[in-house]
Amino acid sequence: MYSYQGFLNTMHIIKVNATDSTNLHLKRLMSATALKDFTVLVADSQLNGIGQAGTVWNSEPGKNLTFSVLKHFEKLKADQGFTISMALSLTLIEVFRELEIPQLAIKWPNDIMSGNKKICGILIENTLKGSKLKQAILGIGINVNQENFSGLPNAASLKQISGKTFQLDVLLNRLLKLMNTSLDMDNQNAEELSSAYEDLLYMRDQIAIYEINEEQVEGMIRGISQAGKLLVETKNGKEIECGLKEIKYP
Ligand code: BTN
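None of these values were measured; they are calculated from a predicted model.

S.K.: If you had to explain the site of the ligand to someone new, which residues and values would you point to?
M.R.: The local shell around the ligand holds 21 residues, among which S21, Q46, I50, Q52 and K118 are the closest. Between the ligand and the protein, one listed contact pairs a nitrogen atom with a side-chain N or O atom of Q46 at 2.8 Å. Burial of the ligand by the protein amounts to 98% of the accessible area it has alone, namely 420 Å². At 4 residues, the largest contribution of residues to the shell around the ligand is made by strand β7 (residues 117–129). Tallied by class, the residues present in the shell around the ligand amount to 6 nonpolar, 13 polar and 2 charged.

As structure tokens, this is what we get:
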């Protein structure tokens, strides 16, 4: 394990060969010592990567990016967690756009898609204190150079999509540099974030059959609510607000 200070001395990067999960590892470090804002933990290999809603995140060692960033916040309110999610998703889209990855979209809440393939997953764990959101662990898994996703028909890597091999460190540095600015939430405008996020929403305005709370519903994704939930307009003109485990895509 080694660490170094990143650009502008604002970033603290710890690299490990292997760990269970970079989110779990970062939490263990935090309980042992006070970590500075924007501490980043990167692992070549995760043995027990965690996905959203109790799923697992599998990633071939040395081929992909799996890392977590600790971010402190001063002024964020407890109910503003989704603004972090939007800012991070949009930053990832920006980097993938620079790499000319086609058909980029955000599948609510924060899967990054290229066409119908998931190229990146995000797991955000917030810490609240009273009415404030004090810090978040931003866990990011990007499928970069992996060429085989057996059993995961909806996953793909940047390499599979573009035909190019990417340098993991270069990609990580670019992303961290952008995140260093975009996650300064005091200087983010929630309305602008929502509007940019909704413009990139996967399957927005497309008629499809969704499973919402175990019922088949024909409708269209329209946007997100103030609370960051997904808004689906049904065929009969009714608006349904969906939470994380409440909707399944076709
Ligand atoms: C998802 O799409 O389900 C979220 C996947 C998040 C995976 C990343 S990899 C780095 C960090 N450490 C983890 O254990 N999970 C996140």
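S.K.: Give a description of helix α2 (residues 81–98) that names residues and reports values.
M.R.: Here α2 spans 27 Å end to end across 18 residues, near enough to the 26 Å set by a 1.5 Å rise per residue. For α2, the buried fraction is high: 15 of the 18 residues fall into the buried class. Just downstream of α2 lies E100, where phi reads positive at about 60 degrees.

S.K.: Can you break down the packing of aromatic side chains residue by residue, with the values?
M.R.: Two numbers describe a pair of aromatic rings. These are the distance of the centres and the angle of the planes. In the structure shown here, the tally under the stated rule is 3 aromatic pairs. Look at F82 and Y197: their rings are 5.4 Å apart centre to centre, the planes differ by 75 degrees, and that puts the pair in the edge-to-face class. Within this pair, whereas F82 is found in helix α2, its partner Y197 is found in helix α5 (residues 190–199), the two being separated by 115 residues in sequence. Owing to a relative accessible area of 15%, F82 belongs among the buried residues under this scheme. Among the residues examined, Y197 registers a relative accessible area of 0% and is labelled buried. Arranged with centres 6.0 Å apart and planes meeting at 45 degrees, the rings of Y202 and Y249 form a pair that is tilted. Pair noted here: Y202 is in the loop between α5 and β9 (208–212) and Y249 is in the segment after β13 (247–248), with a separation of 47 residues, a long-range link. We classify Y249 as buried; its relative accessible area is 18%. Three or more aromatic residues joined by ring pairs make a cluster, and in this case those are Y202, Y210 and Y249. Over the ring of Y249 we find K107, and its NZ or CZ is 4.5 Å from the ring centre.

What counts, and at which threshold
Residues numbered from 1 in each chain as written. Predicted model: local features only at pLDDT ≥ 70, side-chain atom pairs only at ≥ 80, totals over all residues. Heavy atoms only, no water. Near = heavy atom within 4 Å. Polar contact = N/O pair within 3.5 Å; in protein donor to acceptor, adjacent residues only side chain to side chain. Areas by Shrake-Rupley, 256 points an atom, 1.4 Å probe, with all protein chains shown as cover. Helix = DSSP H or I, 4+ residues; strand = E, 2+ residues; numbered from the N terminus. Nonpolar A, V, L, I, M, F, W, Y, C, P; charged D, E, K, R; others polar. Expected span 1.5 Å × (residues − 1). Buried < 20%, exposed > 50% of the residue type's maximum accessible area, 1.4 Å probe, protein only. Phe/Tyr/Trp six-rings, centres within 6.5 Å; stacked < 30°, edge-to-face > 60°. Lys NZ or Arg CZ within 6 Å of the ring centre and 35° of its normal.

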